[in-house]
Every structure is written in structure tokens, then in C-alpha cells.
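# Residue-level structure breakdown
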Amino acid sequence: MQNNKTNKFLSPGHNACAGCGQLVAAQAVMRGLTPDTIIANATGCLEVTTTAYPQSAWGLPWIHSLFENASSVASGIRAALNKKGDFKTKVVVQGGDGGTYDIGFGLISGMWERGENILYICYDTEAYSNTGIQASGATPYGADTTTTPEGLKAIGSTQRKKDLLAIALAHGLNYVAQSTAGFPDDITRKVKKALEINGPSYIQILSPCMPGWKVKNDEAVMFGKLAVNTGLYPLLEYTNGVLSASSINSNFQAKPVSDYLKSQGRFKHLKDEDIETIQNLADENIKKYRI
Ligand SMILES: Cc1ncc(C[n+]2csc(CCOP(=O)(O)OP(=O)(O)O)c2C)c(N)n1
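Quick look at the structure, then. Source: prediction; values computed, not measured.

### Notes on the state of the cysteines
This structure, assessed with the given rule, holds zero disulfides. Take Cys17: it sits in no disulfide, and the sulfur closest to it among the cysteines is that of Cys20, at 6.1 Å.

Here is the structure:
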């Protein structure tokens, strides 16, 4: 158990890639937590890189079970705490986008349906990073992954990223938010807010992945900022189903999506018309999330 001032709940002694966006985001999440918190973690990079036996980087009670069922483990923990009359201890689930959008989704939906007081955090690397960058339901249009390779006749993924915020909102969640590793203080603030609200909450954080995005190890924060500043991945907050905060506000000055795409290896094959398609997606967001 590590307990120094800067990294109380997640020690830097893990073996994630240097500059990993998911670890930047996870550190920001940890700064929003209090010691009376129990974490259930799905399989994925965050779990694998922080728990190489016999060591652990975690300074909070932390449990890993299967890739698909972290939310059910959390439900069990919440039920046991409630049975003991402990409604104060917080329960948090952490998972990657593969675990969240795809393989764990049925059980997450059940957890939300039951209205349990649990915060779910999705670290969205836009692919199954830990097993070698396979496409997930969060992979964006045009991205090269090992299961959607670009080639002479292929532009990479032809799917549109699944709108998981809308799906979370359809479950009637009290608090739904989106952030990116480019804005660690925004992440910390949203975690604190989610934990103040009674009931289920969901925070999704874009977490740039060096090998997956084919970017340099000092670029995670920069791409996290560009994702927001192009409108592709705005900072959002829904309270009781209503959009209550958005980075697309009166101060928003959109940067062209090419600024975000051009130096990422996963998008380097895109032609002008493909970039245009992605610009249209950002423009749609700018209309949809304007506040
Ligand atoms: C049922 C099951 N299928 C597949 C795997 C192999 N597996 C382990 S981690 C992982 C990728 C996780 O991807 P994601 O949830 O996006 O998290 P990331 O690694 O990107 O943080 C996969 C496919 C597994 N552990 N269990």
C-alpha cells in the first residue's frame, strides 16, 4: 500500500507504457476519491499494468475478477455494504472501452437498471489495447487497428463510434459525464461530483494509447486536448438527464479535425474525403452538444 502525498491511491510503480494516457486519467480519477472507496476493475491494460504479482500499485481496496463482470462484482460489494448498513463507503468500477462498450455491457446495463449507487469509469482508448489493438465499439471511423487494418481498398474502421453516453442516459442515470486525459482537473472534478450524487453514474474518459494510436510517449495530454478542441470528444456533463455543462460553449473555437488526425499513425492513411467525413462528425457534435 502506497501512501505518499502525490500518489495516494495509485503508485507510479506500475508497468504501463511511458506516457500512457490511461494512467494519466487514472491518476486524475484517484485524486477525486477518498479512502472509503472500494474499486472493482475489469481486465485490461489498467489491471494488467498495475498488479504484476506479487506487487500492486493500488492503495485502496481493489478487486479484479473477469473481463466481463466487474460491474456485477461491484453490485455484490454494494449489496454487502448496504446489508451491513454501510451506505457511506463508495464503490467504483473501472474498465476499458472493450470491457465497457462490448463484452461487459450486458452486466453494466443490469447494474444501471437496478439503480445502484456505483460510479462506473470507462477509460476509452478506442480499442482493445491490452491484447494488441483490436477494434471495439468505441473505435472511431477511419482508425487503423489490427482487426480493421487500412490497406489499398480499406480505410480502417468503417463503423461509427457507439454513443455510449446516450445509452447510459437511456438507463436514467443521475450523472453522466465525458472527459479526456488532456484535462486531468476536469476528470477529478467530475469524479468528485459523481460521488456526491446518490445513484448510478458513468464517466467516460478518452485515454490516448501510445501503441494503439501510434503516437509519441509525450503526446497523450496534447491529443486529449485536441480531441476536445476539435469537437470530436467534448467535455460533457449531464445531471438528471439534462446537459448541464459542455466545452462547446460560447468560448468554443473549433480547430479543424486534421490538427488531431494528422500526426496519429492510426489515421495517417486517410485521404481528404475521409478527413471530410470525420470533420462532419465533429460538426454534428458541435451542433448537438452546444450549450
Ligand atoms: C472473456 C475474455 N475475453 C478476452 C480476454 C482477453 N483480453 C484481456 S484484456 C483484453 C483487452 C481489453 O480491452 P479494453 O477493455 O478496451 O481495455 P484496455 O486494455 O484498452 O485498457 C482482452 C480482449 C479475456 N481476458 N477474457
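Next comes the rest of the description.
### As for empty space enclosed by the protein
Tallied over the full model, the rule gives two cavities of 30 Å³ or more. Its volume calculated, the largest cavity comes out at about 40 Å³. If you trace the largest cavity, you find it lined by Thr125, Glu126, Ala127, Ile133, Thr139, Pro140, Ala143, Thr145, Gly212, Trp213 and Arg266. Here the second largest cavity defines a volume of roughly 30 Å³. If you trace the second largest cavity, you find it lined by Ala42, Phe67, Glu68, Ala70, Ser71, Gly99, Gly104, Ile108 and Tyr120. Class assignment of the residues belonging to the lining of the second largest cavity gives a composition of five nonpolar, three polar and one charged.

### Description of the pattern of salt bridges
Considering all chains together, one arrives at 16 salt bridges under this definition. In this structure, Lys262 and Asp259 form a salt bridge, with 3.7 Å as the shortest nitrogen-oxygen distance. Judged by relative accessible area, Lys262 falls into the exposed class, the value being 61%.

### Quick look at the site of the ligand
Looking at the ligand, there are 17 residues lining it, with Cys45, Gly98, Gly99, Ser129 and Asn130 nearest. Within the backbone of Gly98, a nitrogen or oxygen atom sits 2.8 Å from an oxygen atom of the ligand. The protein chains hide 75% of the 590 Å² of surface that the ligand would expose on its own. At a threshold of 2 Å from the grid points, most atoms of the ligand map onto the second largest pocket. Counting residues per element, the shell around the ligand draws most heavily on helix 4 (residues 97–103), which supplies four residues. Looking at the shell around the ligand residue by residue, the class counts come to five nonpolar, 10 polar and two charged.

### Here we look at the pairing of strand 3 (residues 90–96)
Of all seven residues in strand 3, six are buried; the element is thus mostly enclosed. Alignment of strand 1 (residues 37–41) against strand 3, held across five bridges, turns out to be parallel. Within strand 3, the residue paired with Ile39 across the bridge is Val92. Here five bridges tie strand 3 to strand 4 (residues 119–124), and the two strands are oriented parallel to one another. By the bridge assignment, Val93 is partnered in strand 4 with Tyr120.

### Things to note about unusual backbone geometry
Residues apart from glycine generally show negative phi values, whereas peptide bonds are mostly found in trans. Of the consecutive residues Tyr53 and Pro54, the connecting peptide bond is found in the cis state with omega at 10 degrees. Mapped onto the elements of the fold, Pro54 is located in the loop between helix 2 (45–50) and strand 2 (62–64). Positive phi, normally seen in glycine, also occurs at Lys214, with a value near 55 degrees. By secondary structure assignment, the location of Lys214 is in the loop between helix 8 (210–213) and helix 9 (220–229).

Rules used in this analysis
- Residues numbered from 1 in each chain as written.
- Predicted model: local features only at pLDDT ≥ 70, side-chain atom pairs only at ≥ 80, totals over all residues.
- Heavy atoms only, no water.
- Disulfide = S-S within 2.5 Å.
- 1 Å grid on protein atoms, 1.4 Å probe; cavity = no way out; pocket = protein on both sides within 12 Å on 5 of 7 lines; lining within 4 Å.
- Points joined across faces, edges and corners; volume = space filled by probe spheres on them.
- Nonpolar A, V, L, I, M, F, W, Y, C, P; charged D, E, K, R; others polar.
- Salt bridge = Lys/Arg side-chain N within 4 Å of Asp/Glu carboxyl O.
- Buried < 20%, exposed > 50% of the residue type's maximum accessible area, 1.4 Å probe, protein only.
- Near = heavy atom within 4 Å.
- Polar contact = N/O pair within 3.5 Å; in protein donor to acceptor, adjacent residues only side chain to side chain.
- Areas by Shrake-Rupley, 256 points an atom, 1.4 Å probe, with all protein chains shown as cover.
- Sits in = over half its atoms within 2 Å of the grid points.
- Helix = DSSP H or I, 4+ residues; strand = E, 2+ residues; numbered from the N terminus.
- Pairing = 2+ DSSP bridges.

On their own, these measurements won't tell you what the molecule is for.
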